[in-house]
Amino acid sequence: MLFLRRAISSSNYSYSASCAVRASPVVVPSRCSSSGLSSSSPGVVDGKLGIHVFRCPDAVGIVAKITECIASRGGNLHGVDVFVPEDKPIFYARSEFVFDPASWPREVMDIDFLHIKKLFNADQSLVRVPGMDPKFKIAILASKQDHCLIDVLHGWQDGRLPVQINCVISNHKRAPNTHVIRFLERNGVPYHYLPTTPGNKREDEILDLIGDSDFLVLARYMQILSGRFLRCYGKDIINIHHGLLPSFKGGNPSRQAYDAGVKLIGATSHFVTEELDEGPIIEQMMSDTDFGLSGTGGAGFHRDNLRSFVQKSENLEKQCLAKAIRSYCELRVLPYEVKKTVVF
Amino acid sequence: MLLFRRALSSSSSKLPSASCLLRVPGDVVRPRPSNSCGVTSTSSSSNAGGSGRKLGIHVLRCPDAVGIVAKISECIASHGGNIHDVDVFVPEDKRIFYSRSEFVFDPANWARETMDTDFFNISKLFNADVSIVRVPDVDPKFKIAVLASKQDHCLVDILHGWHDGRLPVQIKCVISNHERAPKTHLVNFLERDGIPYHCLKTTSENKREEEILSLVEGTDFLVLARYMQVLSARFLKRYGKDVINIHHGLLPSFKGINPSRQAYNAGVKLIGATSHFVTEPLDEGPIIEQMVERVSHRDSLRSFVQKSEELEKQCLVKAIKSYCELRVLPDELKKTVVF
């Protein structure tokens, strides 16, 4: 989906096939595979969910145009999120609507939204029909710690994560009778063991294996991807860091946090850039407290030893990474300035 | 209260005979005020039951051993005291014992001086390096000085907290490097309540530390309520007692100035505040309390700052309350146990 990589490189548009407004109309294979996203659509029997995201210079009339376009095709708007930063005339919108593909064919939808994009000179314009478009293809990289990997696999199996897993790549060897290997075999997902050394990060081989993916997930992959790798891959990479960035960058953030005597721990999912643990943040969660409420973390925290710190961290990481992947697949994550994200 | 500064200096475990380690070693038993403090203690068990019964708080830190809790509780019970709450903590990897007990007692049956002696004996028995007992209604309130700069939301919040009785302290004075006109809310408030306000403007060469040291003499601890000057190591050594600071960021992220702006620029999704003891390295002292709130792309820098300020106020007040209620104990060099 190239939200981030596109924003950074500001190159011309070459969208991956899984979604996006096409430069020229092509026939989209209508795959009616159900995705974890389908919202029940009251009133429209064969209604499909459509998602449109948009970023352009701010102007009067954008929402009017988008909503008119959807309505004119019989689409029923279920949700609109609009955001214009206080200090910059940039317009962001994300719309969810239900439509009848018989009345509004997929290719026509693409063209309609392309017109709006041109009209407002948008630099981001994506439309996606989760029930019809191919699922996002991902590759997962992991090292020895597999709690995040397993959580992603289970999420995929349960349909919570609307992705297609091309392969799992790891620099850690796993025996054939491990839960992960058996799971992958049962589900026909290849597992590639690529041990790394300080002199050889196996990046070219990794690039070969992931060429077909839409984005990468680093599920506690402990190797640092080089700037060259990032440029060659060119697409978005989501990482999970088990610390509340920018605190405790680098290795063993749980231990760093434990040693520092902090009263709150957390996890951060973010896009990968060349600087370690500094890419735009997608989601952050913190220990034990419901996210969304103010949390306090003074009394009682001394009762955590390093082990429980790590356990709490791991729990948070799993949730935080899964949430980030979901948000990304639902087109909720948009780049905002250089270092930030809009997450609808 | 010197819980923290004492641990840092790791002086010998000679304990003063005073009932609480507020004073530097060598002080004699301090005179007990004849009248109890006007405000009932607002710590947890404020309901002390029948008339005359008082709340007592005891904290102890010593090498771990069998029988400590038994000894403490037996001591309290033998004087007719009724334990309402006990918190015990022994870290997994170190043989150190921490406890905090709250109990209700009748001073007629257990005189204050006797209580001091009884707990002192226990501290000797177990070779404790922290042993404090406090009867909030009877003992003098903690005397503090508050330092502030231009931003006064934290200072004002403390003053209101003190005024409402939520913060069981006595404010000796407010010191600021920012001039405030006589008609401001703050100065009016201080005048009405008889709290001196000292404006000590600072320059890069002159931090007025000597004058501050004179003014804060006799205080039990200091509160830096968004005081924007960095106190030197010399000042900290000379003052010798605990200094609590509020930092409007989730340490160790965003140390130094303008953490809200740093956070805003970093695109984080959670912002917070941290209250901590002041040590020589900036913003690195043991953390007492942290609070956090979610932010999103919809937050402007202004709302980052507003949310930060709200959190700071709550976080600082909570830290001061915890400290006054003897809930905060040093844990190794960089951490705290907060019961």
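Residues numbered from 1 in each chain as written. Chains lettered and ligands numbered in written order. Predicted model: local features only at pLDDT ≥ 70, side-chain atom pairs only at ≥ 80, totals over all residues. Heavy atoms only, no water.

Enquirer: Explain helix H4 (residues 153-163) of chain B here, please?
Expert: Three or four residues apart is the spacing at which side chains of an α-helix point the same way, because the helix has 3.6 residues per turn. Residues and elements named next belong to chain B. Burial analysis of H4 places nine of its eleven residues in the buried class, which makes it a mostly covered element. Listed as buried for H4 are His153, Cys154, Leu155, Val156, Asp157, Ile158, Leu159, Gly161 and Trp162. Contacts made by the buried residues of H4 are with strand S5 (142-148), strand S6 (169-176), helix H5 (185-192), strand S8 (221-224), strand S9 (242-247) and helix H9 (301-324). (Buried < 20%, exposed > 50% of the residue type's maximum accessible area, 1.4 Å probe, protein only. Helix = DSSP H or I, 4+ residues; strand = E, 2+ residues; numbered from the N terminus. Contact = heavy atoms within 4.5 Å.)

Enquirer: Can you walk me through the domain arrangement of chain B in this structure?
Expert: Often, the extent of an interface is quoted as the loss of accessible area on bringing the components together. Residues and elements named next belong to chain B. Each domain of chain B was delimited in the assignment, giving domain 1 (54-134) and domain 2 (142-338). Contacts between domain 1 and domain 2 engage eleven residues on the former and ten residues on the latter. Roughly 1,000 Å² of surface becomes buried between domain 1 and domain 2 when both sides are summed, with 60% attributable to carbon and sulfur atoms. For domain 1, the biggest contributors to the area lost against domain 2 are Tyr98, Arg100 and Arg134; these three give 46% of the whole. Counting every contact that joins domain 1 to domain 2 gives two salt bridges. Taking the shortest distance from any N to any O, the salt bridge between Arg327 and Glu102 comes out at 3.5 Å. Contributing elements (two or more residues each) for the side of domain 1 that touches domain 2: strand S1 (54-63), strand S3 (96-105) and strand S4 (130-134). (Domains from an automatic or database assignment. Buried area = accessible area lost by both parts, 1.4 Å probe. Salt bridge = Lys/Arg side-chain N within 4 Å of Asp/Glu carboxyl O.)

Enquirer: I keep staring at the nonpolar core and nothing clicks. Help me out?
Expert: Nonpolar side chains in soluble globular proteins generally cluster together in the buried interior. Residues and elements named next belong to chain A. Counting 57 residues, the largest nonpolar core has Ile140, Val163, Ile165, Phe215, Leu321 and Ile325 as the members making the most contacts within it. A per-element tally of this core places helix H9 (residues 306-329) first, with seven residues. Not counting chain neighbours up to four residues away, the residues in contact with Leu321 comprise Cys148, Val152, Val217, Leu218, Ala219, Ile238 and Ile240. (Core = buried A, V, L, I, M, F, W, Y, C linked by side-chain atoms within 4.5 Å.)

Enquirer: What's the story with the sheet that holds strand S7 (residues 191-193) of chain A in this structure? I'm lost.
Expert: Two orientations exist for strands paired in a sheet by backbone hydrogen bonds: parallel and antiparallel. Residues and elements named next belong to chain A. On the basis of which strands lie adjacent, the open sheet formed by seven strands has the order S7-S6-S5-S8-S9-S10-S11 and mixed pairing. Bordering the open sheet on either side are S7 and strand S11 (281-286), each of which pairs with just one other strand. Here the average twist between neighbouring strands, direction ignored, is 20°. Sheet analysis places strand S5 (residues 136-142) next to strand S8 (residues 215-218), joined by four bridges and oriented parallel. Opposite Ile138, over in S8, you have Phe215 as the bridge partner. Packing of H9 onto the sheet brings it into contact with S5, strand S6 (163-170), S8, strand S9 (237-241), strand S10 (266-271) and S11, and relative to S11 it is tilted by some 150°. (Pairing = 2+ DSSP bridges. Axes fitted to C-alpha atoms, helices over the stretch in contact; angles between N-to-C directions.)

Enquirer: Explanation requested: the domain arrangement of chain A in the structure shown.
Expert: Residues and elements named next belong to chain A. Each domain of chain A was delimited in the assignment, giving domain 1 (48-128) and domain 2 (136-292 + 301-343). Averaged C-alpha coordinates put domain 1 and domain 2 at centres separated by 31 Å. Contacts between domain 1 and domain 2 engage twelve residues on the former and ten residues on the latter. Taken together, both faces of the contact between domain 1 and domain 2 bury some 1,100 Å²; the carbon and sulfur share is 61%. Counting the surface domain 1 buries against domain 2, the share from its top three residues, Tyr92, Arg94 and Arg128, is 44%. Scanning the region where domain 1 abuts domain 2 turns up two salt bridges. Glu337 is the partner of Lys88 in a salt bridge, and the nearest nitrogen-oxygen pair spans 2.6 Å. If you look at where domain 1 meets domain 2, you find five residue pairs in polar contact (both at pLDDT 80 or more). Taken together, the elements giving at least two residues each to the side of domain 1 that touches domain 2 come down to strand S1 (48-57), strand S3 (90-99) and strand S4 (124-128). (Polar contact = N/O pair within 3.5 Å; in protein donor to acceptor, adjacent residues only side chain to side chain.)

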